[in-house]
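The chain contents come next:
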Amino acid sequence: MKKALSLIVVTQAFLLLSGCSSLFMKSDPLTLNLEQGSTHNLVQETNVQAFSDATMTDEVMNMKMTIMVDYTVSKVAENGNLTVDAKVSAVKLKQNMSGMGMNYDSQNPDSTDENGEMASEHFDPIINQMVIVNLDKYGEIIKDENAEPAVPGTNPESLIKQVFSKLPGCELKVGAIWIQEMDSTSTVEAPMIYTVESVDKDKVTFTFTIDKSKSKDTDAISDLQSGGKAIYNRKTGKLIETTNNSTMKGNSPQMGEFYMVSTTSIKAVK
């Protein structure tokens, strides 16, 4: 089950991780305008169901994971770049796989069952570990060339980076389109197409969908469909809420051939 947990964590990390090439518009794209010293809290919730058949009637696994991230903007440079001190403050995981349950709650260790101890070994060492993240004003993580590449979902850096994605760099006009390339660490390579759905004085809403015509399947994951909606504060560029719904067909040594449905949402608490 520990290997299966790792697969699921990596899979849900793929659904959120994103990187992109530079794109500068002549008009006003969304930019980060967070105050130095400001503190913020985000909650990421992921619900996953896996089935052994394409009709999705024979459930073999279900999982609910909650990751809470706290961060403080410790510095804002003259060019708009931000230094962020962030930490994963809590993780909750409830899973049932082929009749075997697992419960883990970093905030309530007494509720962690025997199988949850495997999740405890995975997550306990990274809870409340402070990570420094450098972002440009478009929300893209400024890479540290000396840093070791991280496998998604295996350390505090990769978990935290899931909640920071580059802002859609398109003109804030209904119907404007922006294509976001996936990060090199993603399990499946496929760009995401963002479209401006609505704009008002307070917020900007984007819809997004994966470009299946340019997706590259692997043995682990194929036939991926993914998309959703993202809402940002227009003044600060801060994420208000995003939801991604995905379905995929996959194959792994632990689960064999499977069909998976997942919903991942990130909400700003503060």
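Up top is the structure these notes are about.
Structure report, in brief. Residue positions are counted from 1 within each chain, in the order its sequence is given. Given that this is a predicted model, residues contribute local features only at a pLDDT of at least 70 and side-chain atom pairs are listed and counted only at 80 or more, while totals for whole chains, interfaces and linings are drawn from all residues. Side-chain metrics rest on all non-hydrogen atoms present in the structure, leaving aside hydrogens and water.

1. What about the overall build of the chain?
The condition is simple: Numbering of helices and strands starts at the N terminus; helices are DSSP runs of H or I of at least 4 residues and strands are runs of E of at least 2. Burial classification: accessible surface area is computed with a 1.4 Å probe over protein chains only, and a residue below 20% of its type maximum counts as buried, one above 50% as exposed, and the rest as partly exposed. Contacts are assigned to residue pairs that have any heavy atoms within 4.5 Å of one another. What sets the accessible areas is the Shrake-Rupley method with a 1.4 Å probe; for residues, cover comes only from the shown protein chains.
Counting its regular elements, the chain contains three helices and eleven strands. Helices and strands in the chain line up, N terminus first, as α-β-β-β-β-α-β-α-β-β-β-β-β-β. When the 270 residues of the chain are sorted by exposure, 48% land in the buried category. Expressed as a percentage of contacts within the chain between residues at least 6 apart in sequence, the contacts between residues at least 24 apart total 60%. Roughly 13100 Å² of accessible area belongs to the chain as shown, and the carbon and sulfur atoms make up 48% of that amount.

2. Observations concerning the pairing of strand E6 (residues 177-180)
Let me state the cut-off plainly: What makes two strands pair is DSSP finding at least two bridges between them.
Only one face of E6 is covered, namely the one carrying Trp178 and Gln180; the face carrying Ile177 and Ile179 has none of its residues buried. Direction of pairing for E6 relative to strand E7 (residues 192-199): antiparallel, over a ladder of four bridges. Paired with Gln180 across the two strands is Met192, which belongs to E7.

3. Some details on unusual backbone geometry
Even without being a glycine, Met56 presents a positive backbone phi close to 55°. The phi dihedral of Asn128 is positive, around 65°, even though this residue is not glycine. Assignment of secondary structure puts Asn128 in the loop between helix H2 (116-123) and strand E5 (131-135). Given the relative accessible area of 46%, Asn128 is considered partly exposed.

4. Considering the side chain of Ser38
As a reminder, the rule being used: N or O atoms within 3.5 Å of each other form a polar contact, as long as, within protein, one can give a hydrogen and the other can take it, and as long as residues adjacent in sequence are counted only when both atoms are side-chain atoms.
Examined against the element boundaries, Ser38 turns out to sit in the loop between helix H1 (2-14) and strand E1 (39-51). A residue is classified by how much of its surface remains accessible, and Ser38, at 17% relative accessible area, is buried. At a separation of 2.6 Å, a polar atom in the side chain of Ser38 contacts the main-chain carbonyl oxygen of Glu35. At a separation of 2.8 Å, a polar atom in the side chain of Ser38 contacts the side chain of His40. Filtering out sequence-adjacent residues up to four positions away, Ser38 remains in contact with Tyr71, Thr72 and Val73.

5. Quick look at the packing of aromatic side chains
To keep things clear, this is the line we draw: Two rings belonging to Phe, Tyr or Trp (six-membered ring only in the last case) form a pair when the distance between their centres is within 6.5 Å. Interplanar angles under 30 degrees mark stacking, angles over 60 mark edge-to-face geometry, and anything in between is tilted.
Tallied over the entire structure, the rule returns five aromatic pairs. Taken together, a centroid distance of 5.9 Å and an interplanar angle of 80° make the contact between Phe206 and Tyr232 edge-to-face. Here the residue Phe206 occupies a position in strand E8 (residues 203-210), and Tyr232 occupies one in strand E9 (residues 221-233), the gap between them amounting to 26 residues. Tyr232 carries the same exposure label as Phe206, and that label is buried. Three or more aromatic residues joined by ring pairs form one cluster here, namely Trp178, Tyr194, Phe206, Phe208 and Tyr232.

6. Looking at the environment of Ser52
Take Ser52: it is sitting in the loop between E1 and strand E2 (59-76). According to the relative accessible area criterion, Ser52 is partly exposed, its value standing at 33%.

7. Remarks on the nonpolar core
Threshold: We call a set of buried Ala, Val, Leu, Ile, Met, Phe, Trp, Tyr and Cys residues a nonpolar core when their side-chain atoms join them within 4.5 Å.
One finds Met61, Val84, Ile160, Phe164 and Phe206 to be the most contacted residues of the largest nonpolar core, which totals 55 residues. For Phe206, the residues in contact, after removing those within four places along its chain, are Leu30, Pro168, Cys170, Leu172, Tyr194, Thr195, Val196, Glu197, Gly228, Lys229, Ala230 and Tyr232.

8. With respect to the environment of Met118
Note on placement: Met118 falls in helix H2. Met118 gets classed as partly exposed once you look at its relative accessible area, which sits at 22%.

9. Quick word on the pattern of salt bridges
Put simply, the rule is: Between Lys or Arg on one side and Asp or Glu on the other, a salt bridge is scored when a side-chain nitrogen of the former is within 4 Å of a carboxyl oxygen of the latter.
Under the defined criterion, the tally for this structure stands at four salt bridges. When the shortest N-O distance is used, the salt bridge between Glu197 and Lys229 registers 3.3 Å. Of the two residues, Glu197 is situated in strand E7 and Lys229 in strand E9; the sequence distance between them amounts to 32 residues. Overall, Glu197 belongs to the partly exposed group, its relative accessible area being 38%. Residue Glu257 pairs with Lys249 through a salt bridge whose shortest N-O separation is 3.5 Å. Owing to a relative accessible area of 29%, Lys249 belongs among the partly exposed residues under this scheme.

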